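# Breakdown of the fold
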Amino acid sequence: MNALGLVFSNIHDNNVPELTQERTMGSIPFLGRYRLIDFALSNLVNSGVAKVGLITKSNYQSLMDHVGSGKDWDLARRRGGLHILPPFGLKDNVLYSTRLEALRGAKNFLARSDEEYVVMTDCDNVCVMNFDKILTEHKAKNADITLVYVKKDANDVKDVLSKMIVSTADNGRVTDISFAPRVQGEINLYTNVCILKRTLLQTLIADAFSHGYNHFGKDVLVRNVNSLRIFAHEHKGYFVALNSLQSYYKESLKFLDKSVRDEIFKKVDVYTKVKDSAPTRYGASAVVKNSLIADGCVIEGTVENSIIFRGVKIGRGTVVKNSILMQGTITGENVSLNSIVADKNVVIKDRRVLSACESLPFYISKNIIV
Amino acid sequence: MIYKKKCMAMLLAGGQGSRLYALTSKIAKPAVSFGGKYRIIDFPLSNCVNSGIDTVGVLTQYQPLLLNEYIGNGQPWDLDRNFGGVHILSPYQAKEGSEWFKGTANAIYQNLYFIKRYNPEHVLILSGDHIYKMDYSKMLQRHIETNADCTIAALKVPMSEASRFGILNVNENGEIYEFEEKPKKPKSDLASMGIYIFKAEKLYKYLEEDEKLEGSRNDFGGDVLPRMLSLGEKMMSYEFSGYWKDVGTISSLYDANMDLLGDTPNFQVDEKSWIIRSRNPIAPPHYVSDKARVVNSAIVSGCEIAGTVENSVLSHHVEIEEGAIVKNSILFAGVKICKNAVVENAIIAEYAVVEEGATVGAITDDKKITVLGGGYTVKKGSKIEAGEIVEGTL
């Protein structure tokens, strides 16, 4: 695939403020052993993209630590590979605040590359997407830009006002892109995944800035609906964009359903940082029901309807229900947890009882001792 | 720039492992799966890296394909280095002809040119079929402090079992004065672990001499070490006291896997200070359904469990369907146990399938272990008797 990937790691940080307090959207831990960026990177690599620029802004230590040299995604390469693009600014500049400004910071990276196309994607979503197929469609339609959208019910989309909605003609050509339209029912929600020629992207960025524009959606896409051949591609498989702690919790637990798991993991390999954890050890008193358990855990208590990350310890007599315990959570004996999201390395001492409800899980931040 | 290594390791991984039967029909013993997540060779390789040894030659001979692929460039063990790292050494054709490795000593002899490239002061000889965690740097330190020509790692074994091992008779300083290979009446319970550190110069000298000796089997334990002792070289023992298991037989491989289980396992692989590294599978966390029952077991990512699993070790991507029962067993990667099948006291190799209602093995008083080779399919409703060993197709 003659394309490079551009991944925006911070763009949606404000959606899940609890989890992004000390990390980027891309480095939010997900599903026992992944970080959100794993899905974007794996999709790019599985589509045949061999060069990826990772655009960062703030709090990106955890992200750097996770992706390292890119080895685990086969992106540690002499030619291409993973390029981390930290904020690029002059002394008097502040950090970028929009996607377009972020892109401007990547202009040298774009200029130095020789791939013909660019695939842009965010880190807030979990899906399996084959960009190679979308690119083929893009070429067949002689498109300038292809936007990927999903059909969603307007009521299910939080903060629909800030989202872009696309309208298309029968041939897939985008006829209108709007923010906050008065819509009900099914909408075509833009996923912030798009494909276009690298040189076109460079031109669009330069033109926008020469006119004092700074918003990629409003100023580049909306203004060019008629002057460019913008097409839309519907992504039909599983797709979720995480936009709150509740949606993080709800969508995570959906993976306890085999059909959802198979949607992602039976189709492709999802790569992540290798940790060399030992196998998970179940004790004689372990009781586990309907749960996903990563490697390196020691389970001596009860776990139900939960997602347990690597290196978690569940003590004797402890009961964990409907919860997400991130890497390194240690629970003592006879603890009771219900509807808890525990961030990394939380310690919960003996006999503590914490209970929230499924519609509003309780979040315990990193390194807290309860 | 002239390079020099203080110590490098040579890992003997050519063994056929004929006593592992169906498990080693197509793969070399060091590549046999262990503990769900590992292969046997991960232990000596991880020990090397954790001990600060960054140059390892792996001598392969028997069915090396999978082993070569597994080791690859050594990246999982941080052994992809500019100078050093892990190297696979297979028998090769030289000007004087080509030869398979005869004994352990001959295998090293044939690769002396490789060792000399690194110009080491000391050479550590390891074997690829033991499960243990050992800090070789401590042994090296003792070897240097005592100015030994050769140091042999040794382990106290029960006197009743001593006659199965090479026994070292040592004086109070740990200096060896006698070797006894599998003695009928052992004088000591100190057994050789097959781990040696040589001064490089001595190793070169004795291997070159041994090669010229008529009647030598070119074996370290049988020929080279006794000869060194008889010629007055300083031979020291280094006593090791941790967990160590030769997994050369079905029952010892089985026992070593079982040692990973229990609330305080006999052998712990989750020690933060001594991580055992391996080539990790690409798989999501394992899933345990609400019909499942999992106790006292070790499970790895990618498994889907809906049946009963007791006292067992499951490697990645194992599938246990509803109503199936797995007890006291070891299942390698990708094994599938279908509905209502029963597996007891068995070792089932990669991608074997036990179809619906079939039975494999049984719990017997004499603890017979049933073995299924890789890729074998046990047909619906059929039975594999306890203690049977079935060749696989992979």
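Criteria and cut-off values
- Residues numbered from 1 in each chain as written.
- Chains lettered and ligands numbered in written order.
- Predicted model: local features only at pLDDT ≥ 70, side-chain atom pairs only at ≥ 80, totals over all residues.
- Heavy atoms only, no water.
- Helix = DSSP H or I, 4+ residues; strand = E, 2+ residues; numbered from the N terminus.
- Rg over C-alpha atoms; globule rule 2.2 N^0.38 Å.
- Buried < 20%, exposed > 50% of the residue type's maximum accessible area, 1.4 Å probe, protein only.
- Contact = heavy atoms within 4.5 Å.
- Lys, Arg positive; Asp, Glu negative; His and termini not counted.
- Charge placed at Lys NZ, Arg CZ, Asp CG, Glu CD.
- Pairing = 2+ DSSP bridges.
- Axes fitted to C-alpha atoms, helices over the stretch in contact; angles between N-to-C directions.
- Domains from an automatic or database assignment.
- Buried area = accessible area lost by both parts, 1.4 Å probe.
- Salt bridge = Lys/Arg side-chain N within 4 Å of Asp/Glu carboxyl O.
- Polar contact = N/O pair within 3.5 Å; in protein donor to acceptor, adjacent residues only side chain to side chain.
- Core = buried A, V, L, I, M, F, W, Y, C linked by side-chain atoms within 4.5 Å.
- pLDDT = per-residue confidence, 0-100.
- Left-handed = near helix turned anticlockwise from the far one by under 90°.
- Nonpolar A, V, L, I, M, F, W, Y, C, P; charged D, E, K, R; others polar.
- Expected span 1.5 Å × (residues − 1).

## Here's the deal with the overall build of chain A
The secondary structure content of chain A amounts to nine helices and 28 strands. Expected size for 370 residues packed as a compact globule is a radius of gyration near 21 Å; at 21 Å, chain A falls within 12% of this value. Structurally, chain A occupies a C-alpha span of about 65 × 50 × 40 Å along its principal axes. The burial tally for chain A puts 57% of its 370 residues in the buried class. Taking contacts inside chain A between residues at least 6 apart in sequence as the whole, the part at least 24 apart equals 59%. One finds the centroid of the 48 positive side-chain charges in chain A at a distance of 3 Å from the centroid of its 39 negative side-chain charges.

## Brief notes about the sheet that holds strand β21 (residues 319-321) of chain A
Residues and elements named next belong to chain A. Ordered by their spatial adjacency, five strands build an open sheet running β15-β18-β21-β24-β27, and the pairing between neighbours is parallel. In this open sheet, the two strands that pair with only one neighbour each are β15 (287-289) and β27 (353-355). Ignoring strand direction, the axes of neighbouring strands in this sheet form an average angle of 5°. Across three bridges, the pairing between β15 and strand β18 (residues 302-304) is parallel.

## Let's talk about the domain arrangement of chain A
Residues and elements named next belong to chain A. As assigned here, chain A comprises domain 1 (3-265) and domain 2 (281-364). Using C-alpha coordinates to define each centre, domain 1 is positioned 33 Å away from domain 2. Across the boundary between the two partners, domain 1 contributes 19 residues, which contact 23 residues of domain 2. For the pairing of domain 1 and domain 2, the buried interface totals around 1700 Å² over both sides, and the portion due to carbon and sulfur atoms is 68%. Of all residues in domain 1, Gly 32, Tyr 249 and Leu 256 bury the most surface against domain 2, accounting for 38% of the area lost on that side. Summed over the shared surface of domain 1 and domain 2, the number is one salt bridge. For Asp 343, the salt bridge goes to Arg 23, with nearest N and O atoms at 2.8 Å. If you look at where domain 1 meets domain 2, you find five residue pairs in polar contact (both at pLDDT 80 or more).

## A word on the nonpolar core
By size, the foremost hydrophobic cluster in this structure holds 79 residues, and its most contacted members are A:Tyr248, A:Phe255, B:Ile320, B:Leu331, B:Ile337, B:Ile348 and B:Val354. By residue number, the principal contributor to this core is helix α8 (residues 245-254) of chain A, which donates four residues. No fewer than three residues from each of domain 1 (3-265) and domain 2 (281-364) of chain A sit in this core. Excluding its chain neighbours within four sequence positions, the residues that come into contact with B:Ile348 are B:Ile330, B:Leu331, B:Phe332, B:Val335, B:Ile337, B:Val343, B:Val354, B:Val360 and B:Leu372. Counting 72 residues, the second largest nonpolar core, distinct from the first, contains B:Ala31, B:Phe43, B:Tyr238 and B:Ile276.

## Considerations on the confidence of the model for chain B
Overall, the predicted model of chain B reaches an average pLDDT of 94, with 99% of residues at or above 70. Scoring of the predicted complex yields 0.93 for pTM and 0.92 for ipTM.

## Here's the deal with unusual backbone geometry
With a phi angle near 55°, A:Asn142 is a residue other than glycine that sits in the positive phi range. Its location among the elements puts A:Asn142 in the loop between α5 (131-140) and β8 (145-153). Look at B:Asn119: it is not a glycine, yet its phi comes out positive at around 50°. Along the chain, the position of B:Asn119 falls in the loop between α4 (112-118) and β8 (122-127).

## Regarding the packing of helix α6 (residues 200-212) of chain B against helix α7 (residues 220-230) of chain B
All names here are of chain B. One way to put it is that α6 packs onto α7 with a least axis distance of 10 Å and a crossing angle of 115°. Classified by chirality, the crossing of α7 by α6 is right-handed. Taking contact as the criterion, the partners of Lys 202, Leu 203, Tyr 206, Leu 207, Glu 209 and Asp 210 in α6 are, on α7, Phe 220, Asp 223, Val 224, Arg 227 and Met 228. Across the contact of α6 with α7, the residue classes break down as six nonpolar, no polar and five charged.

## Looking at the pattern of salt bridges
For the coordinates displayed, the defined rule picks out 34 salt bridges over all chains. For B:Lys133, the salt bridge goes to B:Glu271, with nearest N and O atoms at 2.9 Å. In this pair, B:Lys133 is assigned in the loop between β9 (130-132) and α5 (136-145) and B:Glu271 in the loop between α8 (250-258) and β16 (286-288), connecting sequence segments 138 residues apart. Taking the relative accessible area as the measure of exposure, B:Glu271 reaches 38% and is therefore partly exposed. We note a salt bridge from B:Arg217 to B:Asp223, for which the minimum N-O separation is 3.8 Å. The exposure class of B:Asp223 is buried, given its relative accessible area of 14%. Look at the salt bridges and you will find they share partners, linking A:Lys258, A:Asp262 and A:Lys266 into a network.

## Considering the environment of B:Ile330
Residue and element names in this part refer to chain B. Turning to its location among the elements, Ile 330 is positioned in strand β24 (residues 330-331). Remark: the alpha-carbon pair of Ile 330 and Met 139, spanning 191 residues in sequence, is separated by 33 Å. Sequence-distant contacts of Ile 330, defined by excluding residues within four places in its chain, comprise Tyr 254, Asn 257, Met 258, Val 313, Ala 346, Ile 347 and Ile 348.

## Remarks on α6(B)
All names here are of chain B. In this model α6 runs 19 Å from its N-terminal to its C-terminal C-alpha over 13 residues, within 8% of the 18 Å that 1.5 Å per residue would give. Of all the positions in α6, only Ala 200, Leu 203, Tyr 204, Tyr 206, Leu 207 and Asp 210 are classed as buried. Against α3 (104-109), α4, β8, β13 (190-199) and α7 lie the buried residues of α6.

## A few points about the sheet that holds strand β16 (residues 291-293) of chain A
Taking strand neighbours across the sheet as the criterion, the 11 strands line up as β28(A)-β25(A)-β22(A)-β19(A)-β16(A)-β16(B)-β19(B)-β22(B)-β25(B)-β28(B)-β31(B) in an open arrangement whose pairing is mixed. Among the strands making up the open sheet, the edge pair consists of β28 (362-364) of chain A together with β31 (377-378) of chain B. Where strand β25 (residues 336-337) of chain B meets strand β28 (residues 353-354) of chain B, two bridges bridge the pair, whose relative direction is parallel. If you follow B:Lys336 over to β28(B), its bridge partner there is B:Val353.

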